[in-house]
Amino acid sequence: MSDFNQKLTRRQALKLFGMGAASAALAACAAPTAQPAQPAQPAQPAQPAEQPKPSGGKLEIFSWWTNGGEADGLNAMFEVYLQKNPGVEIINATVAGGAGTNAKAVLQTRLAGGQPPDSWQVHAGRETLSYVNAGQLEPLTQFFTEKGFDKVMPQFLLDQLKINGEIWTVPVNIHRSNVLWYNPKVLAEAGIEPKFPTLDSLFAALDKLKAQGKVIPIAVGGKDKFEASHTFESILLATFGVDDYIKLWDGTDAMWQDPRAAEALSTLKRLFSYSNSDRSAQGWADAMTMVLEGKAAMTIMGDWAHGLGISKGLKVNQDYGWMPAPGSDAFMWLSDSFGLAKGAPNPVQARAWLEVCGSREGQDAFNPKKGSIPARTDPDLSKYDDYLKAAIADFGSKPLVPSAAHGASTTNAYQSKFHNTLEVFSSDLDEKSALESLKEAAEANNR
Ligand code: GAL
């Protein structure tokens, strides 16, 4: 199995897009990755194997993409699919609830009852292990090679996709988890420069906003049952630093015994004290909307929040700003991917879907709306806005650390305990019992 908790050195990260500098990484994205020196008799690239084309029939795609940006991106990929496969009826099986907290429960019931959708959303990395261990996915290594996807995705991502020597899903994107979104007008009016490189500088700004009493200093959700754990993983990164943050997910409670774990919980509790008190009634999209509407100054959320901004016709760096979540300049990554169900009712239609997921056309239709960067290294950069171009550069140049709240370093069993612990903490603020619960949860990351 691959090392999901892997951290890249800066040099390794720079190589992701086959380049040595962030700007060069952008250039590399605009063009195919660097070619090796030409041999006298250039080897022909493997021809994609003939694949039966669907003629009509159905295709059921299961996801939790219902919010603005998410739904727009998914629909854009459906459009590409239907252009290529006219006559197929797509069943869009979505279950609302960010991070899939609701969707995954519905999916488990269907899988247990032998009624899988053809293809479902799964995070690349350790989360995939949950489905592989249960024998619910078909291996896709051969499909991947036939389609040439292994030639157009960064080695880092390919390594994360491999479990027991096989690739099981096709990634459509890379999201960044550790982003702070802010309302520039609100901060300007409060006399705050939008620059919080450390947790201390963040709290100084929150103090000022609280004293002025005009807006909610930081919006935090909870209705989707992952917003607290999402905020917490950025605080963990700031508190532990890149190397030790990664060790938190090693399937033991060793790092949770470290005093910094308690410190991170205290920091989260302190952060809650500057937030809306109705956290459990607001979803992540509500929290971001408060920022966009100037009711709150900022929120910490993954860059699907950017997708929400795009869906509302707003402009990044004008109507809303962003910075890495305070305390770390690393890139906390996660990747949405799609697998092929074992026993898929419509395997021909499903393979054609996976082909769109991995294609340049599919990814360039999806990601500019979703607020994520492509999993491929050859996007049409003219389709990506300034935030996304910066994210592509950061992915190629910053230390990469895995998101726990979104399955890059965690199994489904672990995630559900992690989310649940932090949601309970968001309402009872009991640090001692949250820490105990996190220690107990650690071993769930082995299954
Ligand atoms: C994540 C997922 C993102 C986004 C987010 C909020 O788990 O990877 O694509 O949908 O949840 O729903």
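Position numbers for residues start from 1 in each chain and track the written sequence from start to end. The predicted nature of this model means local features are confined to residues of pLDDT at least 70 and side-chain atom pairs, given and counted, to a pLDDT of 80 or more, with totals for whole chains, interfaces and linings taken over all residues. Only heavy atoms go into the side-chain values, all of them from the structure, while hydrogens and water stay out.

## Some words on the overall build of the chain
Step number 1: A count of helices and strands for the chain gives 18 helices and 15 strands.
Step number 2: Three labels apply to residues, based on accessible area from a 1.4 Å probe with only protein chains included: buried if under 20% of the type maximum, exposed if over 50%, partly exposed otherwise in between. Per-residue burial for the chain yields a buried fraction of 58% across its 447 residues.
Step number 3: By sequence separation, contacts in the chain at least 24 residues apart represent 79% of the contacts at least 6 residues apart.
Step number 4: Element-wise, carbon and sulfur atoms account for 51% of the exposed surface of the chain, whose accessible area totals about 17000 Å². Helix numbering and strand numbering both begin at the N terminus, where a helix is a DSSP run of H or I of at least 4 residues and a strand a DSSP run of E of at least 2. Contact between two residues is taken to exist if any of their heavy atoms lie within 4.5 Å; hydrogens are not considered. Note on areas: Shrake-Rupley with a 1.4 Å probe; residue coverage comes only from the protein chains shown.

## Looking at the pattern of salt bridges
Step number 1: Any carboxyl oxygen of Asp or Glu within 4 Å of a side-chain nitrogen of Lys or Arg constitutes a salt bridge here. This model, assessed by the stated rule, comprises 17 salt bridges.
Step number 2: Between Lys84 and Glu361 there is a salt bridge whose closest N-O contact spans 2.9 Å. One end of the pair, Lys84, is in helix H3 (residues 70-84); the other, Glu361, is in helix H15 (residues 360-370), and 277 residues separate them in sequence.
Step number 3: For Lys147, the salt bridge is made with Glu355, and the minimal N-O distance between the two is 3.7 Å. Taken together, the positions of Lys147 in the loop between helix H6 (141-146) and helix H7 (155-161) and Glu355 in helix H14 (residues 347-358) put the pair 208 residues apart, joining distant regions of the chain.
Step number 4: Taking the relative accessible area as the measure of exposure, Lys147 reaches 16% and is therefore buried.
Step number 5: Bridged by salt links that share partners, the residues Asp244, Lys247, Asp258 and Arg260 form one connected network.

## What about the packing of aromatic side chains?
Step number 1: Planes of paired rings set the category: under 30 degrees apart is stacked, over 60 is edge-to-face and the rest tilted, where pairs are Phe, Tyr or Trp rings (Trp by its six-membered ring) whose centres lie within 6.5 Å. In this structure the tally under the stated criterion is 22 aromatic pairs.
Step number 2: For the pair Phe143 and Phe149, a centre-to-centre distance of 6.2 Å together with 75° between the ring planes defines the contact as edge-to-face.
Step number 3: Since its relative accessible area comes to 3%, Phe149 is described here as buried.
Step number 4: An aromatic cluster is defined as three or more aromatic residues linked by ring pairs; in this entry it consists of Trp65, Phe78, Tyr81, Phe338, Trp353 and Phe366.

## As for the site of the ligand
Step number 1: Near the ligand lie 13 residues; those nearest to it are Glu70, His123, Asp336, Lys370 and His406.
Step number 2: By the criterion applied in these results, polar contacts are pairs of N or O atoms within 3.5 Å in which, for protein atoms, one can donate a hydrogen and the other can accept it, and in which residues neighboring in sequence qualify only through two side-chain atoms. Asp336 is positioned with one of its side-chain polar atoms (N or O) 2.6 Å from an oxygen atom of the ligand.
Step number 3: Protein contact buries 100% of the 300 Å² of open area that the ligand shows by itself.
Step number 4: Residue composition of the shell around the ligand, by class: 6 nonpolar, 4 polar and 3 charged. Any residue with at least one heavy atom within 4 Å of a molecule or strand is counted as near it. Note on residue categories: nonpolar means Ala, Val, Leu, Ile, Met, Phe, Trp, Tyr, Cys or Pro, charged means Asp, Glu, Lys or Arg, and polar means any other residue, Gly included.

## Here we look at the sheet that holds strand S14 (residues 373-374)
Step number 1: Strands qualify as paired when DSSP identifies two bridges or more between them. Read across the open sheet, the 4 strands follow the order S14-S7-S12-S15; overall the sheet is mixed. The open sheet terminates on both sides in strands that have one partner only, identified here as S14 and strand S15 (400-402).
Step number 2: As defined by bridge partners, strand S7 (residues 173-176) adjoins strand S12 (residues 331-334) across 2 bridges and the pair is classed as antiparallel. Residue pairing in the sheet places Arg176 in a bridge with Trp333 of S12.

## Considerations on the sheet that holds strand S11 (residues 321-324)
Step number 1: Spatially, S9-S10-S8-S11 is the arrangement adopted by the 4 strands of the open sheet, whose pairing is mixed. Bordering the open sheet on either side are strand S9 (216-218) and S11, each of which pairs with just one other strand. If you compare each strand with its neighbour and ignore which way they point, the axes differ by 20° on average.
Step number 2: As defined by bridge partners, strand S8 (residues 179-182) adjoins S11 across 4 bridges and the pair is classed as antiparallel. Paired with Tyr182 across the bridge in S11 is Gly321.
Step number 3: Across the sheet, helix H12 (residues 284-292) is in contact with S8, S9 and strand S10 (296-300); its angle to S10 comes to roughly 145°. Lines fitted to the C-alpha atoms define the axes, with helices restricted to the stretch that makes contact. Angles between their N-to-C directions range from 0 to 180 degrees.

## Regarding the packing of helix H17 (residues 412-428) against helix H18 (residues 431-441)
Step number 1: With their axes 10 Å apart at the nearest point, H17 and H18 run at an angle of 180° to one another. It follows from the interaxial angle that H17 and H18 lie roughly antiparallel. In contact with Tyr414, Lys417, Phe418, Thr421, Leu422, Phe425 and Asp428 of H17, H18 contributes Glu431, Ser433, Ala434, Ser437, Leu438 and Ala441.
Step number 2: Within the contact of H17 with H18, the residues separate by chemical class into 7 nonpolar, 3 polar and 3 charged. In these notes the angle categories are as follows: under 35 degrees is roughly parallel, over 145 is roughly antiparallel, 65 to 115 is roughly perpendicular, and the rest is oblique.

## Points about unusual backbone geometry
Step number 1: Phi is positive for Ala99, which is not a glycine, with a value near 65°.
Step number 2: With respect to the element layout, Ala99 can be found in the loop between strand S2 (89-94) and helix H4 (103-112).
Step number 3: The buried category is assigned to Ala99, whose relative accessible area is 6%.
Step number 4: Even without being a glycine, Leu429 presents a positive backbone phi close to 55°.
Step number 5: Taking the relative accessible area as the measure of exposure, Leu429 reaches 29% and is therefore partly exposed.

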